[in-house]
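Results of the structural survey
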Amino acid sequence: MIDPEIIKRCQQKDQTAYDALFKTAGKKALWTAYLLTGRMEIAEEIVQESFFRCFCNIKNLHKPEMFTVWFNRILVRTCWYVIRKERKTPEVSLEDEKLPELKDHDNGDILEKVEQNQVSMAIRKTVNSLKPALRSTIVLFYYNELTIREIAKVMGCLQGTVKSRLYYAKKVLEKELKRELLDEHIHLSGYTGYTGKECVENE
Amino acid sequence: MNNNRSLDYLIKKALTEVEETATLDTGLLSEVKSRLLKEGRDTEIMAKIKFFSHTSIGRAATISCSVIIVFLFSFIFIQPVRAVAEKGIEKVRSMIYDVIKGEDGKYVAVKVPKPEPGDLGPINYTGVKKAVAKEIIARIPESLAGGFMLSSRALGYTDTSKGLALSRSVPDPADYKEHEKFNEIYEKFNERVSAIYKKYNSWIALSISHFDTPFASNSKREEFEGDNKRTICLGAIQATYAEYPGARYPIVEVADQGGYEDTTKEPIINIYHTIKWEQNGLYFTVFDLSHDLSLEELQIAATSVVESMM
């Protein structure tokens, strides 16, 4: 939650508030853009463009407490625009990602950590292969921890649409995960199958 | 339900666990601010252009800024104004108004023969005429204390023998995309770097060079050394605060070319203030372009320049 006072100061073009807002929301925005596009250099451009649009238009934000939704709307739409412009499906390959460094005292857990890391990479790869609307829904729900209602506002759709996208995206994820990973990896992580129930934890 | 929660957990974990590997480049914010300034500057330029065909109370401030900028810095966006002014005046005018100091010590506008090019004679200066290092230009602050934000930068040179001062506006030297453009201008214009800062309707100009000219050479005939001089302190540095006259001539609109100052019409004379100091072999001057700042406000802004250049 961004301090509404910072937003109010930004509306008065207070440069120190710009710094504070960027410091508070910048990294989350960068990672969101990265998850949505799969490429860090593009993510940085998107963050820059989003903050530029944000500072240009922040005077029009009447409810500072709605900043997160308002800003994510700018961010996600900028991502969609860039994705369309690039005309590429963003990709995050397992090979592209570095495995986290394992310290000596972690030796006992190395196998487990590697397995878990592979699961995570497979999920990220699958998320990034989803269509932009599904990918955005997943990222906003799980990473940004927005509620269904907030995601609906960000994406400009009905809450029911968000729910169905979440459901469908998770089905795709489950299917792809099963195909990508060996069964033992799944079992090692404690996952044995998706039941298909609704996903409304953030609500 | 457990499997559902497990998948939720795995997705959340996958999307967040390597977040810390991402580093937020603070240069991104600088770029954003630079774009915001440029956006603001473009809006201001449009406002200046519009102003020529409008009459309003607000135009007074714009005129005074334009006039002072023309005389002191010859910013690129005012250049057409100047060029047209020279052509227009040469064709039809032979007498113009100039500002001199009267016998009673007050500044007055008097009608004088229009000086021919070269009549102005050399400009007196102290110091050395040489290029200001790029490192110095890069250190020009983005803002001054008191809430003044950088609006534009310019590089210039002064032909002291002919009394000519020319300059070009330049992009941020730190902007890698504009670096070539900056270098190109720097090749020819490198003796003086100036910057305009803005807060609401108040403007401050900063000028840095290795040589120093009189307080204001905006008169066609006189070099005002500055009146009511006062020695003030900017931290540990001693500086001189002084006033000088600034002439605001009526602007004549020229279709598609902006306009020009009509020096054949009597100008309005305002009193402007300046702070000058020497630091690390460079001469610094801060001008109160909007003539609405107190000594304290100008001093605070100048002190922040001193600190950023230490």
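Model, not experiment: these values are computed from the prediction.

Turning our eyes to something else, we now look at the confidence of the model for chain B. Residue and element names in this part refer to chain B. Averaged over chain B, the pLDDT score is 72; the fraction of residues at 70 or greater is 67%. When pLDDT is averaged over each element of chain B, helix α7 (residues 295–308) comes out on top at 92 and helix α3 (residues 59–72) at the bottom at 38. Within the model, pLDDT remains below 50 along residues 44–93, and this stretch shows 77 contacts once partners closer than five positions in the same chain are excluded. A low-confidence stretch, residues 216–220 stays under pLDDT 50, and its non-local contacts, those more than four residues away or across chains, total 15 contacts. For this predicted complex, the interface score ipTM comes out at 0.76, alongside a pTM of 0.45.

On to the environment of F22(A), then. Along the chain, F22(A) turns up in helix α2 (residues 15–37). Overall, F22(A) belongs to the buried group, with 22 C-beta atoms counted inside 10 Å. Residues F22(A) and F51(A), spaced 29 residues apart in sequence, show a C-alpha to C-alpha distance of 7.8 Å. The residues touching F22(A), leaving out its near neighbours within four places in the chain, are F51(A) and L29(B).

Moving on, we get to unusual backbone geometry. Even without being a glycine, E145(A) presents a positive backbone phi close to 55°. Its place among the elements puts E145(A) in the loop between α6 (132–143) and α7 (148–155). Residue class for E145(A) comes out partly exposed when judged on the 13 C-beta atoms lying within 10 Å of it. Phi angles above zero are rare outside glycine, and N280(B) is one such case at about 50°. Within the secondary structure, N280(B) sits in the loop between β14 (268–279) and β15 (282–288). What makes N280(B) exposed here is the crowd of 8 C-beta atoms within 10 Å.

Analysis parameters
Per chain, residues are indexed from 1 in the order of the written sequence. Ligands are numbered from 1 and chains lettered from A, in the order in which they are written. The model is predicted, so local features are restricted to residues of pLDDT at least 70 and side-chain atom pairs to those at 80 or more, both for listing and for counting; the totals for chains, interfaces and linings are taken over all residues. pLDDT runs from 0 to 100 and stands for how confident the predictor is about each residue. Strands here are runs of E lasting at least two residues and helices are runs of H or I lasting at least four, both read from the DSSP assignment and numbered beginning at the N terminus. Here contacts are defined at the residue level, using C-beta atoms placed from the backbone and a cut-off of 7 Å between them. Exposure in this text rests on C-beta crowding, where 20 or more other C-beta atoms within 10 Å of a residue's own make it buried, 12 or fewer make it exposed, and counts in between make it partly exposed. The C-beta atoms are placed from the backbone.

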